Amino acid sequence: MQLEIDIEKSLRSRGREFRLALRFASDADVNVLFGPSGAGKTVTLHAIAGLLRPDRGEVRLGTDVWFSSAQKIDVAARRRNIGFVFQDYALFPHLSVMENVAFARRHGLLKRNRVENDLKELMAEFELDELAHAFPAQLSGGQRQRVALARALAARPRLLLLDEPFAALDAPLRARLRGELLTMRARFGVPMIVITHDPEDVTALGGCTIHIDGGRLIGSSDK
């Protein structure tokens, strides 16, 4: 399913202006947004997710138009059915592991007749059964990442977005979790976009690499 991005966005902060003008298309299962800090990677991800409105342009997935300034379309984030894993994982500190993973159910994003089976499968798949009643503050970095990923997949998203998912992890754990992420992506059959500034992530994750800097496309390549 092809993702098509053609967006422009100007942001101002403390007297400085950042301008994103990005256009690319990909039908790869794994897409890596690669570039230095401040390149515009997170702005792009937020625009795809519907968390930020571009000044102009289009965001499409397959035949669905999520944003089009020309057609005056701006589909709400909750209706895009996107799973999002934030850089700090954004787990709810007052909720247990099970409650975090079940958050999609609480908001009616899953049908009742498949809720319990989905949750059991997710908890088992991500090896979270024994942590079901633990809270985020009690978890390691790798465990928090697995909870965030399980929560993002609970609503069976059409697209999975991950913002620097390995940034806070040490090198050995990063290497292991890269492999786990690819395994889970294939297991659930959902295309994903991963932000990184680490060349090792690019090499390990493969797929289509979209290199951006200064809000512009520098180049792209498929592996």
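Note that the structure is a prediction, hence the values are computed from the model and not measured.

Conventions used here
Throughout, residues of each chain are indexed from 1 in the direction in which the sequence is written. Reporting in this predicted model follows two pLDDT cut-offs: at least 70 for local features of residues, and 80 or more for side-chain atom pairs to be given and counted; totals over whole chains, interfaces and linings ignore these cut-offs and use all residues. Heavy atoms from the whole structure form the basis of all side-chain values; hydrogens and water molecules are not counted. Stacked, edge-to-face and tilted are the three classes for Phe, Tyr and Trp ring pairs, Trp counted by its six-membered ring, which pair at centre distances within 6.5 Å; planes under 30 degrees apart are stacked, over 60 edge-to-face, the rest tilted. Secondary structure is summarised from DSSP: a helix means a run of H or I of at least four residues, a strand means a run of E of at least two, and numbering begins at the N terminus for each. Only protein chains enter the area calculation, which uses a 1.4 Å probe; residues under 20% of their type maximum are buried, those over 50% are exposed, and those in between are partly exposed. When checking whether two residues touch, look at their non-hydrogen atoms; a contact exists if any pair is within 4.5 Å. Any two strands with at least two DSSP bridges between them are considered paired. By convention a crossover is right-handed if, when the strands point away from the viewer, the path from the first strand over the helix to the second runs clockwise. Here, axes are lines fitted to C-alpha atoms. For helices the fit covers the stretch in contact, and angles between N-to-C directions go from 0 to 180 degrees. Roughly parallel means an angle under 35 degrees; roughly antiparallel means over 145; roughly perpendicular covers 65 to 115; every other angle is labelled oblique. Should the near helix be turned anticlockwise from the far one by less than a right angle, the crossing is termed left-handed; should it be turned clockwise, right-handed.

Colleague: So what's going on with the packing of aromatic side chains? Which residues, and what values?
Modeller: In the structure shown here, the tally under the stated rule is three aromatic pairs. With a centroid separation of 4.6 Å and an interplanar angle of 35°, the aromatic rings of F92 and F103 are classed as tilted. Of this pair, F92 sits in the loop between β7 (82-85) and α2 (97-101) while F103 sits in helix α3 (residues 103-106), placing them 11 residues apart in sequence. Overall, the relative accessible area of 24% leaves F92 in the partly exposed class. When its relative accessible area of 25% is taken as the criterion, F103 is described as partly exposed.

Colleague: With reference to specific residues and values, describe the environment of L33.
Modeller: Within the element layout of this structure, L33 appears in strand β3 (residues 30-34). Owing to a relative accessible area of 0%, L33 belongs among the buried residues under this scheme. When the C-alpha positions of L33 and L159 are compared, they lie 15 Å apart, and in sequence the two are 126 residues distant. Sequence-distant contacts of L33, defined by excluding residues within four places in its chain, comprise F24, K41, T44, L45, I193, V194, I195, T196 and I210.

Colleague: Help me get a handle on the environment of Q2, residues and values and all.
Modeller: Structurally, Q2 is set in the segment before β1 (3-13). Residue classification places Q2 among the partly exposed positions, given a relative accessible area of 36%. Put simply, Q2 and G62 are 60 residues apart on the chain and 5.1 Å apart in space, counted from C-alpha to C-alpha. When near neighbours in sequence (up to four residues on either side) are disregarded, Q2 contacts A25, S26, D27, R60, L61 and G62.

Colleague: If you had to explain the pairing of strand β9 (residues 192-196) to someone new, which residues and values would you point to?
Modeller: A large share of β9 lies buried, amounting to five of its five residues. Neither face of β9 is left uncovered, since the one carrying M192, V194 and T196 and the one carrying I193 and I195 both have all their residues buried. With five bridges joining them, β3 and β9 adopt parallel strand pairing. Note that in β9 the partner of N31 across the bridge is I193. The sheet contact formed by strand β8 (residues 159-163) and β9 spans four bridges and is parallel. Across the sheet, residue L160 finds its bridge partner in β9, namely M192. Handedness of the β8-helix α6 (residues 171-188)-β9 crossover: right-handed.

Colleague: Hey, could you go over the packing of helix α5 (residues 141-153) against α6 for me, with residue numbers and the actual values?
Modeller: Packed helices, taken two at a time, are described by their axes: the angle between them and the distance between them. Look at α5 against α6: their axes get within 12 Å of each other, and the N-to-C directions meet at 15°. With respect to their mutual orientation, α5 and α6 come out roughly parallel. Note that α5 runs across α6; the crossing there is right-handed. Here α5 contributes G142, Q145, R146, L149 and L153 to the contact with α6, which in turn contributes L173, L177, E180, L181, M184 and F188.

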